[in-house]
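Structural description and commentary
Listed below, chain by chain, are the residues.
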Amino acid sequence: MSDKSSIERIKEASNNLRGTITESLQNELTGAIHEDDQAVIKFHGMYQQDDRDRREERAEKKLERLYSFMIRLRLPGGFLRPEQWVAVHDIAGEHATGVIKITSRQTIQLHGIIKSAIKPTIRSFNAAKLDSIATCGDINRNVLCSSHPKESAIHAQVFEYADKISELLMPKTKAYYEIWLDEEKIADKKQEEDPLYQNRYLPRKFKIAIAIPPNNDVDVFANDVALIAVIKDNELKGFNIGIGGGLSSTHGNQETYPRLATIIGFTDTEEKTLKAVYEIATIQRDYGNRSDRKLARLKYTVDTMGVDSFVKELETRIGFSLQPAMPVRFESRKDYFGWHCNEEGKWYYTVFVENGRVLDEGTLQLKSALLAVAASGLANFRFTCNQNVIISDVADSDKAAVDAILNKFAIKAHTEASSAIRKNSMACVAFPTCPLALAEAQRYLPSLIDKIELLLQQYALDKEEIIIRMTGCPNGCARSYAAEIGFVGTAYGKYNMHLGGDRQGERLNKIYRENITEPEILSILDELFSAYDSERKAMESFGDFSVRKQWINV
Amino acid sequence: MNQANNMLAGHKQEILTELVTGSSKEELLWINGFIAGLLNGKELPEIAVPAAFPSRLTLVYGTETGNSKRIATEFAAKAKKKQFPVKLASLDQYRLTDLSKEENLCVVISTQGDGEPPIAAQKFYDHIHHNGFRLDNVKFSVLALGDSSYPMFCKTGEDVDAQLQKLGGKRLVPIRKCDVDFEADANDWFEEVLKTVQNRPGNLQAGLPVTKVLAETKANKKIYHANILSNNQLTDRGSSQKIWHMEIQAAGVDYEPGDSVGIVPENPLSMVNEIIRLTGIDPGKKLDFKDGEHTVQVLLHKKLAITHLHERVIKKYAGIVQQEIPELKADLKSLLELYPVKNAAMFEEVIQALPPQSPRIYTLASSVSVNRDEVHLTVEEDRFMVNGLRHTGLCSAYLSALQADDTISFFVQKNKRFRLPAKEQDIIMIGAGTGIAAFRSFLMERDAIGAGGRNWLFFGEKNFTTDFLYQTEIQDWFQTGLLTRVSLAFSAGITQEKYVQNKMLAQAKELYEWIKNGAFIYVCGQKAPMSIEVEKALLKIFETEAGTNAEAALQFFNQLKETGRYSKDVY
């Protein structure tokens, strides 16, 4: 293996993720932190960003870039109690831009936090029993779980796995508490010895999701580790385990590719499942590529080793054989908007949040509405991987009160009036804060959807739940490679258009057109929708139709 | 003595009386011998003269910035060395009833920007102007300090000189008017005073004309006509203030770090046009002005002050239009609206009463060693309230509107009291807001000449994100090691300490260490409260770090000032 990447050296030298963060925070000359620390703070759940729109103007003013930080919470399964939502609401107003962003991985993040406000922010989170440990960086990230409790009578039982896995794969270092919460320095380094991560952590980010079929709302195959609950007669039998999912790629680098997880077997007990998950991580730790970060995700480790060798190594490490995968069937990949009831008789209202941005904007007072719901204490909050929020666990007797709040702020009208295409669309953050962005995404997609809606209306296709996703770069945060229509930014105002993903997330799309601009996008879609309207079979999704028409080679 | 009275005529008698009454017994014996020697045709060595005529000298000073005090103190020391009995007093501590008893009265006095005396000299100034007393036996001379960039250059000195003569005083030597670089002129004046006092009685110079030579040469400062290269705002969107950086190209411009430029602002054309409309005067009509003939249009636009007029000018205006005007400060336009002139001719009278436009002084933010043929300025929009209305300062508004390729005129104003020390000396720079200008100049210069001394910058502003003036340059200087230390204070948070003085106290130990090792201290920016608080902090640091008392701290501070290790450029 060739030389370790610089990030590897930083991790090893970081003194268990401490780096020189404390010194960086004390440096008054800059709103940024030391370059090496920028890699280290990711493990504490934050990214240094800057307002890219303001770079030129600030440079002319002899001011440095407008640096700020994004902090992402660790919310296994995407669950918040109402008082925690109130806390997040207040923190967002006091220290961040005020916008609460629901991410595509079931958590929330705040943007625009200046350096001196990081500590107060984390302390406030801590007071609300929230943390941001390991939500970014080369480590196990937020663990996903199908969000809607109506999915299964035993949703709660499956849901607990998210927490258990998150705890199991937490780093042992106390750096987070020491740096951000001023807890005493540990005297004995042995206390934070980490048999899993050692001092090198993983070669790259590591994502785990748990899906409850038949809905694949978590896009389970897009994760490094996919756990698919096998449920029979309202009993959790165990999990099918998949490995090597991951959507990011690099423009112009043929060695990189998006990949869906490969199912390698089944485990029937909690102990076995957790053990398997843990050892998949240790194999990735030991075999993952640590010299080229573009080839470091588990998917490349799996393909380099070969699936069979990987499983053999895994079985050696776990000390038992995986059982053959059980048959499961996915049918959809969606959120259940509006009111729904679970087995127990509790109520759930899924609110449509365009691109996950919770704010008061014009007539849509979404942030105020959610605060009112939280303040009532009548509902919990669950986030979906489609960046929406479910007002959750409402007792039958409280439903009317919550319904009144949602009506008062016209949230129901908004959710109901939004088109199917809009509700099934997703975009990443991109400009102005994401340093990787090549093109706009969340700031642009809504206006593109406006135009696509008109096209669909022409063909009376506006009730079709076609999944459209856009990312500002090829890293796939909004999982555009797993969309029926995917847009991947290549340059400002230019996108590659991908077609052929299926409805339930088991087939990736392929590039259909490269570097196209909005007029081209619209004229191409017009033709495609026209064909879809006249030639599709009954119940045939747009993605399946694209494949049948051989618009792309799958 | 009576015999002498009868024998000697007029002034000779006066001199003799003075001579003998002002002399000690020993002196009288010496005079006796001197005259006897003269009668015998015997020559006496000249060197004996001063020792033999120890005339009493009184040095009083009226100071605002400390210049008059410093120079008067130096004179006193010099005179003492030459064995003159000397009395030195600040005018606010001088017993005014002693005036008529003075023998040789030397007044060192400065003039404020608007032609007013320094506060410390106000009582004296009023006393000589209002009280009916005579100074027939007093010989005097005035050293007037001022700044030729202001139209009321040395006005207070002139007033005092004229009034002392009016009260019967006799000039020892003519008034000397000094510009900001006063040292040489001032010393020259005092040499003359001493010589005259020594050579008394033959050299009394009552009623001699005032020589204006110096004032004229100094007033004719070299005016540069220059091009604006760039004019960029430094403060970011969302800032509560507007501060910008101007780069101006001026071929051959020469200055040193610490110097300033003076800029005479132009009045807004819209206001000038409105005044012309209101008065009906012919804008093309030519009128006399101190630097030649100009049209009314040019006078109103570029030569005369027409905004924020002083009470004195308003009184003159009231006299011309024959009306009661209660306003204490007003613009010409509003006066014309409220108390109109009868006709264009009457407005010409008003024009004669208007003061010339004063230059505004900006500390330079560049170094010729780096920016040849350029001057850089850090300008803050000057905002203030008059009668509840928000106003913008004339000059800052004028400068803010300038764009690349526009032209501007300025002169360089030397500031010899704000100079970098030798290359190897450490410096501590303490400033807030636009006070950073001087330090940008200092740092650029020290970088360019490869000065080896360490540099420590204390800088304070409001908001880190929007108001960190020259942030990227300061970062670079820190990274390259030019700045050894940078200590920042932002009052809107971010830093633990809100103001520079808090920061200094927080780093008292190291700061004292530097000073003890010989560092030179510079303060630039707002006079109040910044420089006052900084000085308080320094005293406290001297006291606590040296483990002494307030008195010793003050003594140490004074020592720093006297040895030129503490300088300030505050406004």
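The structure we're discussing is the one just above.
Not measured: the values here are computed from a predicted model.

Within chain A, the regular secondary structure consists of 18 helices and 22 strands. Relative to its length of 554 residues, chain A is compact, with a C-alpha radius of gyration of 23 Å against a globular reference of 24 Å. If you line up chain A on its principal axes, its C-alpha atoms span 70 × 60 × 55 Å. Within chain A, the proportion of its 554 residues that are buried is 50%. Taking the intrachain contacts of chain A between residues at least 6 apart in sequence as the baseline, contacts between residues at least 24 apart amount to 66%.

All right, on to the interface of chain B and chain A then. Contact residues are listed per partner, giving 20 residues for chain B and 13 residues for chain A. Sorting the residues of the side of chain B that touches chain A by element identifies strand S7 (223-233), helix H17 (464-467), helix H18 (471-479) and strand S19 (485-490) of chain B as the ones contributing at least two each. No other element matches H18(B), which puts six residues into the side of chain B that touches chain A. By residue class, the composition of the side of chain B that touches chain A is nine nonpolar, nine polar and two charged.

On to the packing of helix H6 (residues 122-130) of chain B against helix H7 (residues 155-166) of chain B, then. All names here are of chain B. Their axes nearest at 10 Å, the elements H6 and H7 cross at an angle of 35°. For the crossing formed where H6 meets H7, the hand is left-handed. Where H6 approaches H7, its residues Tyr125, Ile128 and His129 are matched on the opposing element by Thr156, Val160, Gln163 and Leu164. Residue composition of the contact of H6 with H7, by class: four nonpolar, three polar and no charged.

This part covers the nonpolar core. Core analysis: the biggest nonpolar cluster contains 150 residues, and A:Ile210, A:Ile391 and A:Ala441 have the highest contact counts within it. Sequence-distant contacts of A:Ala441, defined by excluding residues within four places in its chain, comprise A:Ala427, A:Cys428, A:Val429, A:Ala430, A:Met470, A:Thr471, A:Gly472, A:Ala478 and A:Gly489. Core analysis: the second largest hydrophobic core is formed by 70 residues, A:Leu63, B:Ile243, B:Phe418 and B:Ile541 among them.

A few words now on the environment of B:Ile430. Residues and elements named next belong to chain B. Along the chain, the position of Ile430 falls in strand S17 (residues 427-432). In this structure Ile430 comes out as buried when scored by C-beta crowding, with 29 C-beta atoms within 10 Å. Separated by 131 residues in the primary sequence, Ile430 and Leu299 have C-alpha atoms spaced 41 Å apart. Contacts of Ile430, omitting those with residues within four sequence positions, involve Phe458, Val500, Ile521, Tyr522, Val523 and Val534.

This next bit is on the sheet that holds strand S4 (residues 100-102) of chain A. All names here are of chain A. Here we have five strands laid out as an open sheet, ordered S1-S2-S5-S4-S13, and antiparallel in their pairing. Each edge of the open sheet carries a strand with a single partner, namely strand S1 (46-50) and strand S13 (357-358). In this structure, S4 lies alongside strand S5 (residues 108-113), joined through three bridges in antiparallel fashion. From the neighbouring strand, Ile102 faces S5, where its bridge partner is Ile108. On the sheet, helix H6 (residues 115-127) packs against S1, strand S2 (67-72) and S5 and is oriented at approximately 20° with respect to S2.

Residues and elements named next belong to chain B. Relative to each other, helix H10 (residues 269-279) and helix H11 (residues 296-303) sit at 140°, their axes nearing to 10 Å. By the angle between their directions, the pair H10 and H11 is classed as oblique. The handedness of the crossing between H10 and H11 is right-handed. Contacts between H10 and H11 involve Leu269, Val272 and Ile275 on the former and, on the latter, Gln297, Leu300 and His301. Partitioning the contact of H10 with H11 into residue classes produces four nonpolar, two polar and no charged.

Turning our attention to the sheet that holds strand S21 (residues 494-499) of chain A. Residues and elements named next belong to chain A. Taken together, five strands build an open sheet; the order of strands is S18-S19-S20-S21-S22 and the sheet is mixed. Where the open sheet ends on each side, the last strands, each with one partner, are strand S18 (425-427) and strand S22 (510-516). Across the sheet, the mean angle separating the axes of adjacent strands is 15° when strand polarity is ignored. Sheet topology places strand S19 (residues 468-471) next to strand S20 (residues 485-491); four bridges connect them, and they run parallel. The partner of Met470 across the bridge, within S20, is Phe487.

Before going further, it helps to examine unusual backbone geometry. Note that the residue after A:Pro213, namely A:Pro214, is joined by a cis bond; omega there is 10°. That bond from B:Ala528 to B:Pro529 is cis: its omega, 0°, falls within 30 degrees of zero. Within the fold, B:Pro529 resides in helix H21 (residues 527-546). Positive phi, normally seen in glycine, also occurs at A:Asp182, with a value near 55°. With respect to the secondary-structure elements, A:Asp182 resides in the loop between helix H8 (175-180) and strand S7 (208-211).

Residue and element names in this part refer to chain A. Here strand S11 (residues 338-341) pairs with strand S12 (residues 347-351) via four bridges, running antiparallel. Paired with Cys341 across the strands is Trp347, a residue of S12. Adjacent in sequence and paired antiparallel, S11 and S12 are bridged by five residues, among which Gly345 carries a positive phi angle near 95°.

Let's shift gears to helix H12 (residues 311-321) of chain B. Residues and elements named next belong to chain B. The set of residues buried in H12 consists of Val313, Ile314 and Tyr317. Across the axial projection of H12, the buried residues extend over an arc of 100°, all falling on one side. Exposed side chains of H12 directed beyond 90 degrees from the buried face belong to Lys315 and Gly319. The secondary structure elements touched by the buried residues of H12 are helix H13 (332-338) and helix H14 (344-353). Among the residues trailing H12, Gln322 stands out with phi positive, at a value near 60°.

Residue and element names in this part refer to chain B. Across its twelve residues, H7 extends 16 Å between first and last C-alpha, which sits within 8% of the 16 Å expected from 1.5 Å per residue. Of the surrounding secondary structure, the elements contacted by the buried residues of H7 are strand S3 (104-110), H6, strand S4 (139-145) and strand S6 (176-178). Gly168 lies just past H7 and shows a positive phi near 105°.

Calculation notes
- Residues numbered from 1 in each chain as written.
- Chains lettered and ligands numbered in written order.
- Predicted model: local features only at pLDDT ≥ 70, side-chain atom pairs only at ≥ 80, totals over all residues.
- Helix = DSSP H or I, 4+ residues; strand = E, 2+ residues; numbered from the N terminus.
- Rg over C-alpha atoms; globule rule 2.2 N^0.38 Å.
- Buried ≥ 20, exposed ≤ 12 C-beta atoms within 10 Å, placed from the backbone.
- Contact = placed C-beta atoms within 7 Å.
- Nonpolar A, V, L, I, M, F, W, Y, C, P; charged D, E, K, R; others polar.
- Axes fitted to C-alpha atoms, helices over the stretch in contact; angles between N-to-C directions.
- Left-handed = near helix turned anticlockwise from the far one by under 90°.
- Core = buried A, V, L, I, M, F, W, Y, C linked by C-beta atoms within 7 Å.
- Pairing = 2+ DSSP bridges.
- Parallel < 35°, antiparallel > 145°, perpendicular 65-115°, else oblique.
- Arc of directions from axis to C-beta.
- Expected span 1.5 Å × (residues − 1).

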